[in-house]
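# Survey of secondary and tertiary structure
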Amino acid sequence: MRDLADDLSYGIVALRTRAARQRAEEALRRASAYNGCLIEASLDPLLIIGPDGRITDVNGATEVATGSSRAELIGQDFAGHFTEPERARVAYRQVFRTGSARDYSLELRHRD
C-alpha cells in the first residue's frame, strides 16, 4: 500500500510540474510574440544583438535604413553596419556591461 501511495504521490507531482512548465512556456511564447510586435512596429531601426555582437533580429525600419534584408543582417557583426565600427562596439559592450548607453550618437551605414 505504501508503494502505491508513493507512486501516486510521484505521479501527481509529475503532472503538476508538467502543467506548470507548459504554462510557463506558453507565457514565454506570448511575451516573445508581444516583444516582436513592439519591435516591428517601431519606425526607428531596432536591432537585437547577442553578447558576441552578432545581430539576432532586426525590424523592418532597420532593413530600410541599411538597404539589407533581415536574412542578410542576421548573424552579421553589429558594429560593421556603422560608420565608426569601434565606437559601435564600445556602445554595445557598455550596454551588456551596465544595461544601457544614453546619448551615444552613431551613424548607420546604408549598403549603397
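We now turn to the structure provided with this report. Everything quoted here is computed from the prediction, not taken from an experiment.

What follows concerns the pairing of strand β2 (residues 55–58). Where strand β1 (residues 47–49) meets β2, 3 bridges bridge the pair, whose relative direction is antiparallel. Residue pairing in the sheet places Ile48 in a bridge with Asp57 of β2. Between β1 and β2, which pair antiparallel and follow one another directly, the connecting turn spans 5 residues, one of which, Gly53, has a positive phi of 85°.

A few words now on the side chain of Asn59. Relative to the helices and strands, Asn59 resides in the loop between β2 and α2 (60–66). When its relative accessible area of 0% is taken as the criterion, Asn59 is described as buried. Looking at Asn59, its side chain comes within polar contact range of the main-chain oxygen of Ile39, at 3.1 Å. Separated by 3.0 Å, the side chain of Asn59 and the backbone nitrogen of Leu46 make a polar contact.

Bringing the side chain of Thr62 into the picture now. Position of Thr62 among the secondary structure elements: in helix α2. A distance of 2.9 Å separates a polar atom in the side chain of Thr62 from the backbone nitrogen of Leu46. Look past the residues within four positions of Thr62 in its chain and what remains in contact with it is Pro45, Leu46, Leu47 and Leu73.

About the thresholds
Residues numbered from 1 in each chain as written. Predicted model: local features only at pLDDT ≥ 70, side-chain atom pairs only at ≥ 80, totals over all residues. Heavy atoms only, no water. Pairing = 2+ DSSP bridges. Helix = DSSP H or I, 4+ residues; strand = E, 2+ residues; numbered from the N terminus. Buried < 20%, exposed > 50% of the residue type's maximum accessible area, 1.4 Å probe, protein only. Polar contact = N/O pair within 3.5 Å; in protein donor to acceptor, adjacent residues only side chain to side chain. Contact = heavy atoms within 4.5 Å.

Nothing here speaks to function; it is geometry throughout.
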